[in-house]
Amino acid sequence: KMFERGISNKNIKPNYLNILLNGEVVYNGENFLNIKNECQKLPEIAPKNQAFLKIITPIRIKENNKFVREDIKLETILRSIHHRFLKLQNKEITKLPFTPKYEIANKNLSFNDFSRYSNRQKTKMKLGGVIGSINFSYIDGESFNLLKLGEIIGVGKQVTFGLGNIKIF
């Protein structure tokens, strides 16, 4: 469709398209080439005595059809990462395959509200979400692994806009 409609607000139609992965061409405009750098399963990590979750860009997650405004639960974050990972693999959405075990030592969360104007939709879009940090005095390995995956694929809605960026230490 990009070749038919064009890209940007000027509808520029490209003559060719190459997609690169880590500096290597993986799509040459017609075919996907051998991809050496496939996603690998993250190594299993033992439960940690202390962990620190930093929410770098706002996380937008709905719970009960409303966006979470401040007190976001770890289960909600984990569920979002799990669902996103399944969608990226084109698999059916399932429940979280484990029960998270953790203790929260400290939370410092707030709602960061901002918006942008969409020329295509001719309207203002709200993009606010939860930002801050959570300190854990204990977190199980499965939860920690899923949060590590969330560092790569993002959390919540509007990830393609740069939202939902997290880091776990």
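Quick note: structure is the one above.
What counts, and at which threshold
Residues numbered from 1 in each chain as written. Predicted model: local features only at pLDDT ≥ 70, side-chain atom pairs only at ≥ 80, totals over all residues. Heavy atoms only, no water. Pairing = 2+ DSSP bridges. Helix = DSSP H or I, 4+ residues; strand = E, 2+ residues; numbered from the N terminus. Phe/Tyr/Trp six-rings, centres within 6.5 Å; stacked < 30°, edge-to-face > 60°. Buried < 20%, exposed > 50% of the residue type's maximum accessible area, 1.4 Å probe, protein only. Lys NZ or Arg CZ within 6 Å of the ring centre and 35° of its normal. Expected span 1.5 Å × (residues − 1). Contact = heavy atoms within 4.5 Å.

Asks: Would you explain the pairing of strand E9 (residues 129–139) in this entry?
Replies: A regular strand places its side chains on the two faces of the sheet in alternate fashion. Pairing geometry for strand E3 (residues 51–59) and E9, over 6 bridges, is antiparallel. Counterpart to Ile55 in the pairing with E9 is Gly132. Of the pairings in the sheet, the one linking strand E6 (residues 102–112) to E9 comprises 10 bridges and is antiparallel in character. In the strand pairing of E9, Glu103 is matched with Tyr138.

Asks: Help me understand the packing of aromatic side chains in this model?
Replies: Two measures describe an aromatic ring pair: the distance that separates the ring centres and the angle between the ring planes. Counted according to the given criterion, the structure contains 2 aromatic pairs. Pairing Tyr102 with Phe136 gives two aromatic rings, centres 6.0 Å apart and planes at 90 degrees, and the pair type is edge-to-face. Highlighted residues: Tyr102 in strand E6 and Phe136 in strand E9, separated in sequence by 34 residues. The class for Phe136 is buried, based on a relative accessible area of 2%. One Lys or Arg, Arg60, reaches over the ring of Phe67 and ends 4.1 Å from the middle of that ring. Here the basic side chain of Arg69 rests over the ring of Phe111, its NZ or CZ set 3.8 Å away from the ring centre.

Asks: How do you make sense of the pairing of E3 when you look at a structure like this?
Replies: Taken together, the 3 bridges between E3 and strand E10 (residues 166–168) define a ladder with antiparallel strand orientation. For Ile55, the partnering residue across the bridge sits in E10 and is Ile166.

Asks: Is there a simple way to explain helix H3 (residues 141–153) in this structure?
Replies: For an α-helix the count is 3.6 residues per turn, leaving residues at separations of three or four pointing the same way. Taking 1.5 Å per residue as the helical rise, H3 with its 13 residues ought to reach 18 Å, and the 18 Å between its terminal C-alpha atoms agrees with that figure. Most of H3 sits inside the fold, with 10 of its 13 residues counted as buried. For H3, the complete set of buried residues consists of Gly141, Ser143, Phe144, Asn145, Leu146, Leu147, Leu149, Gly150, Glu151 and Ile153. Contacts from the buried residues of H3 go to E3, helix H2 (74–88), E9 and E10.

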